[in-house]
Protein chains: 2
Amino acid sequence: MGRLIADMSVSLDGYITGPDDRPEAPLGEGGDVLHEWYFREYPGPDGRPARAFDEVFEQMRETHGALLMGRRSYDIAGGWGEEPPFRIPVVVLTHQSHPTLAKTGGTTFTFVTDGLMSGVRQALAAAGDRAVGVHGGDVTRQCLRAGLLDELILHVVPVLLGAGNRFLGDGDPHRVDLEAVSVTESHGVTHLRYRVIR
Amino acid sequence: MGRLIADMSVSLDGYITGPDDRPEAPLGEGGDVLHEWYFREYPGPDGRPARAFDEVFEQMRETHGALLMGRRSYDIAGGWGEEPPFRIPVVVLTHQSHPTLAKTGGTTFTFVTDGLMSGVRQALAAAGDRAVGVHGGDVTRQCLRAGLLDELILHVVPVLLGAGNRFLGDGDPHRVDLEAVSVTESHGVTHLRYRVIR
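Computed from a predicted structure; not experimentally measured.

Colleague: Please provide a residue-by-residue account of the environment of Gly2 of chain A, values included.
Modeller: Residues and elements named next belong to chain A. With respect to the helices and strands, the residue Gly2 is situated in the segment before β1 (4–11). You can call Gly2 buried: its relative accessible area is 10%. Taking the C-alpha atoms as reference points, Gly2 and Tyr194, separated by 192 residues in sequence, lie 17 Å from one another. Residues within four places of Gly2 in sequence aside, it is in contact with Leu124, Gly128 and Arg130.

Colleague: Break down the relation of the copies chain B and chain A for me, citing the residues and quoting the values.
Modeller: The operation relating chain B to chain A is a screw motion whose rotation component is 180°, with 0.0 Å of axial translation and a residual RMSD of 0.0 Å. This pairing of chains is accounted for by a two-fold axis. In terms of proximity to the rotation axis, the leading residue of chain B is Gly14 of chain B, whose C-alpha is 3.3 Å off the axis. In this assembly, 100% of the residues forming the interface of chain B have copies in chain A that are likewise at the interface, indicating an isologous arrangement.

Colleague: So what's going on with the interface of chain B and chain A? Which residues, and what values?
Modeller: Interfaces are often described in size by the accessible area the parts lose on coming together. Every contact between the two is made by 35 residues of chain B and, on the other side, 35 residues of chain A. Surface buried jointly by chain B and chain A totals about 2,700 Å² across both partners, of which 64% is contributed by carbon and sulfur atoms. The three residues of chain B that bury the most area against chain A are Leu12, Pro158 and Leu160 of chain B, which together make up 22% of that side's buried surface. At the surface where chain B touches chain A, the tally comes to 0 salt bridges. Counting the contacts that link chain B with chain A gives 14 residue pairs in polar contact (both at pLDDT 80 or more). Broken down by secondary-structure element, the contributors of at least two residues to the side of chain B that touches chain A are β10 (151–157), β11 (159–160), β13 (176–186) and β14 (189–197) of chain B.

Colleague: Provide a residue-level description of the packing of aromatic side chains, including the pertinent values.
Modeller: All names here are of chain A. Counted under the stated rule, the structure contains 16 aromatic pairs over all chains. Each ring, one from Trp80 and one from Phe86, has its centre 4.7 Å from the other, and the planes form 70°; the classification is edge-to-face. A residue is classified by how much of its surface remains accessible, and Phe86, at 1% relative accessible area, is buried. Here a set of aromatic residues connected by ring pairs shows up, and it is made of Trp37, Tyr38, Phe39, Phe53, Phe57, Trp80 and Phe86.

Colleague: Give a detailed account of the nonpolar core, specifying residues and quantitative values.
Modeller: Grouped together as the largest cluster of nonpolar side chains are 68 residues, with contacts concentrated most on Cys143 of chain A together with Cys143 of chain B. Setting aside its immediate chain neighbours within four residues, Cys143 of chain A contacts Leu4, Leu68, Leu116, Val120, Val134, Leu148 and Leu149 of chain A.

The rules behind each value
- Residues numbered from 1 in each chain as written.
- Chains lettered and ligands numbered in written order.
- Predicted model: local features only at pLDDT ≥ 70, side-chain atom pairs only at ≥ 80, totals over all residues.
- Heavy atoms only, no water.
- Helix = DSSP H or I, 4+ residues; strand = E, 2+ residues; numbered from the N terminus.
- Buried < 20%, exposed > 50% of the residue type's maximum accessible area, 1.4 Å probe, protein only.
- Contact = heavy atoms within 4.5 Å.
- Least-squares fit on C-alpha atoms with pLDDT ≥ 70 in both.
- Buried area = accessible area lost by both parts, 1.4 Å probe.
- Salt bridge = Lys/Arg side-chain N within 4 Å of Asp/Glu carboxyl O.
- Polar contact = N/O pair within 3.5 Å; in protein donor to acceptor, adjacent residues only side chain to side chain.
- Phe/Tyr/Trp six-rings, centres within 6.5 Å; stacked < 30°, edge-to-face > 60°.
- Core = buried A, V, L, I, M, F, W, Y, C linked by side-chain atoms within 4.5 Å.

Everything listed here is a matter of coordinates, which is why it stays silent on function.
This is the structure we're talking about:
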C-alpha cells in the first residue's frame, strides 16, 4: 500500500507565502524567495546549468505514483500548463466537477468532488505500490488531521518573513508526533524529513 | 566585540509553548514535550547517566560570557533557584528596578530598566570578547527587530502542537535573511544554526 508524503517549502518562521497572496501573486508579498531555490541555476554534473526544480521532479517520478492536490493549487498554477512536470496521475480535490484532462508528457488530472477520503483512495489506487505526493498546505493539513499522512518533508528556506500564510499551526490544539528520518542541506535550503508516528 | 546568539526549543510548527501557558504551567498545555530532550537521561561517556541539559550548559559556558533575558523568563524560572546553571553574568530586562543578585556558583543577575539597547550594551560589556546568549522569545524578537542578533539557533522538536505561543512570525511583515551555518541532530531534536545577514 502506498504512502502519503507531503513536502513544502517554508520560511524558518513557518510561512508558505508572504502576505497578500492573490492570483497574480500566488506567493504573496515577498514570498517568491521561498521558491527561488527550485529555479536557481548551478553547474550540473555534465557542465550544463542545472536546477533543483528538474532534480526534485526527477526524484519524485522515481518514488511517487500519483499526486493529490486541491483545486486552488491547480488554479494558481494555471492548470500547470500544456506539459506539466509531474508525468503521473494527479487527483484534484474540488467542489465543481470537471472532465479528466490528459496532458502532454503523461500527466492526467482527475477531479474528485466527493471529499478527501475518496480523493485519497483514488490517488492510492492510481499510485499502485508507489507513494502519493500531497501537494499544497490545505490538503496536507486535512491529511494530517485525518491521520492519513505518512511523511512530511519541509524545505526550510533561511529567511524570516514575519507574515503571510502559515503551513502548520492554525491555533487549534492537535498534537502530532513525528520522528526525524533525515536532515540534509542542498541548494541553500535545509530538507527536514519526518515520519508521522501513529 | 561579542556576538548576540539566541537559541530556542520549538515545535516543528513553530511553537515555544502549548496553549494556556501560566505561572503554574509555563510551557502551557502539552508544551513540556518541547523541553523533554534537555532532561532525558542517556548513557554518558563514563557510563553514568547524562543529560543534554548539562551538556548544553557546559558548551554555553565555553562560548558565552553573559546572558540577556526578559523579566518574564526570570520570574517563570523562579529566579533560577539558589544555584542557577549559568555561572556567568545575566542581564535581566525589566520595568521594575531590583538590586543585583549574586547567587551560588557565580551567576549574577543585574536588572536593567532603561531599555533593550542599554541591556545589550551591559551584557556585551560583561561578556568581553565572548558571546552574549539571548534567552526567551520576547527578547530574541526585540533583538531581531533592532538588527542586533548575530546568530539564531533553533532546536526543532519533532512534534506539531497546533496551538500555543509562537517564537517567530507575529503577522507583521519584517524580512530577515539568514544563512545556515550548521544542521545537526542529537537527543532526538534537530539543531538548526543560522547567521543573520545584515
